[in-house]
Amino acid sequence: MNVQFKKGVLELCVLVLLDKQDRYGYELVQKISDQIAISEGSVYPLLRRLTKEGYFTTYLKESSEGPSRKYYALTEEGRTYLGDLLADWEKFTNGVNQLIKEGVRDE
Amino acid sequence: MNKAQFLEKLDNSLKRLPSSEREDIIQDFYEHFEVGMSEGKSEQEIAKALGNPQQIGKEMVANYRLEQVEETATTGNVLRAVWAVIGLGFFNLVIVLGPFIALAAIVFSGWVGGLGFILTPILYVINVVIYPEIFTFYDLFFAIMLSGVGIFIAIGMYYVTRWLMKGFVKYLNFNVRMVKGGMGNA
C-alpha cells in the first residue's frame, strides 16, 4: 500500500488499540504489523509525539519476564481525538467505497 | 544487524537531542528488543522488522524540533525544524524547501523595503551634506513622509512574519504526520 497513506492511518490504529485497554510498545507494534505491513520502528516516533501532545500517558509496570514495560494509556483528550478521527475515517471510506461501487457498475 | 549495532546507530542519529530525551528513546527500543527476544525472536529478526535506525532517529529529531518551535517560535528554532523535516526524505526537499524559500524571500524583501523607507531621511541628509545646493524642503518632507510609511510597513511586516511562521510550522507538522519518513518500504 502507498506509504504516505499508511502513515496517516497509523495514528488511528494506535489510538483504536488503546481504546479498550492499556498496552506496551512491543504489543502495539505487533498488533499493527500483524495486519498491515509497516516498518515497525516508525510506531515509536508516533507514540512519543502523541504522548507529548497529551493524548496518552505512560507508566511502567513490572513484567514476570525481563525488564519492566512502558504502558500507554489513552487520556480523555485522546479519546475525543480518536472519536474525531474515526468519524473522518468513516466518512472517507464510505465516500471511496461509494465511488468504487459506481465505477464497477458503469463498466 | 544485532541489537547492540541497532541501538548504537540509533543513538548516533539522536546526537542533537538532549540526553534525557535520548536515553528515553533508547530505553523504548531496548525494551522492544527484550520483549521480542523473550518471545523467541532473534536480535536480527527484530532489528530487521524495526527498519532503518537512522530514519527512525531522523523522525525523532524532527518531532523534537517541532515541539521546540511550538514552545518558542524563534527564527533559530524554525530554521532547525525546517532543516530536520527536510532531512526526513528527498520528497521533502521539494515540498518543504520550495515553499520555505518563497516565504523567506517575501519576508526578507518586505523588511528590506520597510527599513529602506525608514532610512530615507538619513540618506537624504547625507546627500545634502555632500551636495548642499540640491536641498529643498519639499524633498526633505517627502523623505520624512517615506520614513513614516516605512514604519507602518515594518509594523505590518512584524505581524506578517509571525503569521507566516505559525502557518509554516503547521505545514511542517502536517508534513511529519502524513509524508513518508521512517516508514521504509515495508
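Treat the numbers as computed from the prediction; the structure is a model and nothing was measured.

Peer 1: Looking at this structure, I do not really get the overall build of chain B. What am I missing?
Peer 2: Scanning chain B from terminus to terminus reveals 8 helices and 0 strands. The helix and strand sequence of chain B, counted from the amino end, reads α-α-α-α-α-α-α-α. The C-alpha radius of gyration computed for chain B amounts to 26 Å, which surpasses the reference 16 Å derived for 186 residues by more than 25%, pointing to a less compact arrangement than a globule. Summarising its shape, the C-alpha atoms of chain B cover approximately 90 × 30 × 25 Å along the three principal directions. Expressed as a percentage of the 186 residues in chain B, the buried residues total 39%. Within chain B, counting contacts between residues at least 6 apart in sequence, those at least 24 apart form 65% of the total. Carbon and sulfur atoms make up 68% of the accessible area of chain B, which totals about 10,600 Å². One way to put it: in chain B the 15 positive side-chain charges average out to a point 5 Å from where the 17 negative ones average out.

Peer 1: I would appreciate a short explanation of the sheet that holds strand β1 (residues 23-24) of chain A in the present structure.
Peer 2: For sheets, the rule is that strands pair by backbone hydrogen bonds, running either parallel or antiparallel. Residues and elements named next belong to chain A. Here we have 3 strands laid out as an open sheet, ordered β1-β3-β2, and antiparallel in their pairing. Both edges of this open sheet fall to β1 and β2 (56-61), since each of them pairs with a single strand only. Summarising the sheet, β2 and strand β3 (residues 69-74) pair through 6 bridges and their orientation is antiparallel. Each residue of the ladder has a partner; that of T57, found in β3, is A73. The strands that helix α3 (residues 43-52) touches are β2 and β3; relative to β2, the one it contacts most, it runs at about 115 degrees.

Peer 1: Even after reading the chapter, I still don't get the packing of helix α6 (residues 90-118) of chain B against helix α8 (residues 137-178) of chain B, so can you show me in this structure?
Peer 2: Axis angle and axis distance: for two packed helices, these are the angle between their axes and the distance between the axes, and together they describe the pair. All names here are of chain B. Where α6 contacts α8, the axes come no closer than 7 Å and their chain directions differ by 165 degrees. By the angle class used here, α6 and α8 are roughly antiparallel. Where α6 crosses over α8, the handedness of that crossing is left-handed. Class assignment of the residues belonging to the contact of α6 with α8 gives a composition of 21 nonpolar, 7 polar and no charged.

Peer 1: Which parts of the structure should I look at to understand the pairing of β3 of chain A?
Peer 2: Moving residue by residue along a regular strand, the side chains alternate between the two faces of the sheet. Residue and element names in this part refer to chain A. Among the 6 residues of β3, 6 are classified as buried, and the element is accordingly described as predominantly covered. Residues R69, Y71 and A73 point to one face of β3 and K70, Y72 and L74 to the other, with burial holding for every one of them. Summarising the sheet, β1 and β3 pair through 2 bridges and their orientation is antiparallel. Its bridge partner lying in β3, Y24 is registered against Y71.

Peer 1: Explain the nonpolar core to me, please; I cannot follow it from the model alone.
Peer 2: Most often, soluble globular proteins keep nonpolar side chains buried together rather than apart. Core analysis: the biggest nonpolar cluster contains 56 residues, and F56 of chain A together with F6 and F29 of chain B have the highest contact counts within it. If you tally residues by element for this core, the top one is helix α1 (residues 3-20) of chain A, at 8 residues. When residues no more than four places from it in sequence are discounted, the contact partners of F56 of chain A are V14, L15, L18, L47, L50, T51, Y72, A73, L74 and T75 of chain A.

Peer 1: Which parts of the structure should I look at to understand the layout of surface pockets?
Peer 2: If you roll a probe as big as a water molecule over the atoms, it shows you where there is empty space left. In this structure, the largest pocket spans a volume of roughly 330 Å³. Lining the largest pocket are 14 residues, and of these G8, V9, L85 and W89 of chain A together with M178 of chain B lie nearest its centre. Contributions of two or more residues to the lining of the largest pocket are made by α1 and α4 (76-106) of chain A together with α8 of chain B. Looking at which element gives the most residues to the lining of the largest pocket, the answer is α1 of chain A, with 6 residues.

Peer 1: I would appreciate a short explanation of the UniProt feature "domain: Transcription regulator PadR N-terminal" (unreviewed entry) in chain A in the present structure.
Peer 2: With numbering aligned to this structure, UniProt lists the feature "domain: Transcription regulator PadR N-terminal" (unreviewed entry) at residues 14-82 of chain A. Secondary structure content for residues 14-82 of chain A is 51% helix and 20% strand, and the end C-alpha separation is 10 Å.

Peer 1: So what exactly am I meant to see when it comes to the interface of chain A and chain B here?
Peer 2: Put simply, an interface is often sized by how much accessible area is lost when its parts join up. Of the residues lining the interface, 31 residues belong to chain A; the matching set on chain B comes to 33 residues. Each partner contributes to the roughly 3,000 Å² buried at the junction of chain A and chain B, and carbon and sulfur atoms together form 53% of this total. Of all residues in chain A, the largest losses of buried area upon contact with chain B belong to K7, Y26 and R48 of chain A, amounting jointly to 25% of the total for that side. Where chain A meets chain B, there are 7 salt bridges. The shortest N-O distance in the salt bridge between R48 of chain A and D28 of chain B comes to 3.8 Å. Inspection of the chain A/chain B interface yields 12 residue pairs in polar contact (both at pLDDT 80 or more). Elements supplying a minimum of two residues to the side of chain A that touches chain B: α1, α2 (25-35), α3 and β3 of chain A. Of all the elements, α1 of chain A adds the most residues to the side of chain A that touches chain B, at 7 residues. In terms of residue class, the side of chain A that touches chain B is built from 12 nonpolar, 8 polar and 11 charged.

Analysis parameters
For every chain, the first residue of the written sequence is number 1, and numbering continues from 1 along that sequence. Labels are handed out in written order, letters beginning with A for the chains and numbers beginning with 1 for the ligands. Two thresholds apply to this predicted model, a pLDDT of at least 70 for residue-level local features and 80 or more for giving and counting side-chain atom pairs, whereas whole-chain, interface and lining totals are computed over all residues. Note that the side-chain values use all heavy atoms of the structure and ignore hydrogens as well as water. Counting from the N terminus, the helices are DSSP H or I runs at least four residues long and the strands are E runs at least two residues long. In this treatment the radius of gyration is a C-alpha quantity, and the globule benchmark scales as 2.2 Å times the residue count to the 0.38 power. Accessibility here uses a 1.4 Å probe with only protein chains present; expressed as a share of the type maximum, an area under 20% marks a residue as buried, one over 50% as exposed, and anything in between as partly exposed. What makes two residues a contact is simply this: any of their non-hydrogen atoms within 4.5 Å. Only the protein chains shown count as cover for residues, with accessible areas throughout obtained via the Shrake-Rupley method and a probe of 1.4 Å. Here Asp and Glu are counted as negative and Lys and Arg as positive; His is not counted, and neither are the chain ends. Charge placement uses NZ in Lys and CZ in Arg. For Asp and Glu, CG and CD serve respectively. Strands were regarded as paired on the criterion that DSSP finds at least two bridges between them. Where helices are involved, their axes are fitted lines through C-alpha atoms of the stretch in contact, as for all axes, and angles between N-to-C directions lie from 0 to 180°. In these notes the angle categories are as follows: under 35 degrees is roughly parallel, over 145 is roughly antiparallel, 65 to 115 is roughly perpendicular, and the rest is oblique. The sense of a crossing depends on the near helix, which, turned anticlockwise from the far helix by less than a right angle, makes the crossing left-handed and, turned clockwise, makes it right-handed. Basically, the charged four are Asp, Glu, Lys and Arg, the nonpolar ten are Ala, Val, Leu, Ile, Met, Phe, Trp, Tyr, Cys and Pro, and anything else, Gly included, counts as polar. As used in this record, nonpolar core signifies buried Ala, Val, Leu, Ile, Met, Phe, Trp, Tyr and Cys residues forming a set joined through side-chain atoms within 4.5 Å. Buriedness for pockets is judged along seven lines, at least five of which must meet protein on both sides within 12 Å for an open set on the 1 Å grid over protein atoms alone, while cavities are sets there where a 1.4 Å probe fits but cannot get out, and lining residues have an atom within 4 Å of a point. Grid points are joined across faces, edges and corners, and a volume is the space filled by probe spheres set on the points. UniProt positions are given in the numbering used here, feature names are shortened, and annotations may be inferred rather than shown by experiment. Two parts placed together each lose some accessible area under a 1.4 Å probe, and adding up what both lose gives the buried area. By definition here, a salt bridge exists when the distance from a side-chain nitrogen of Lys or Arg to a carboxyl oxygen of Asp or Glu is within 4 Å. Side-chain atoms alone can form a polar contact between residues adjacent in sequence; in general such a contact is a pair of N or O atoms within 3.5 Å, and within protein one must be able to donate a hydrogen while the other accepts it.

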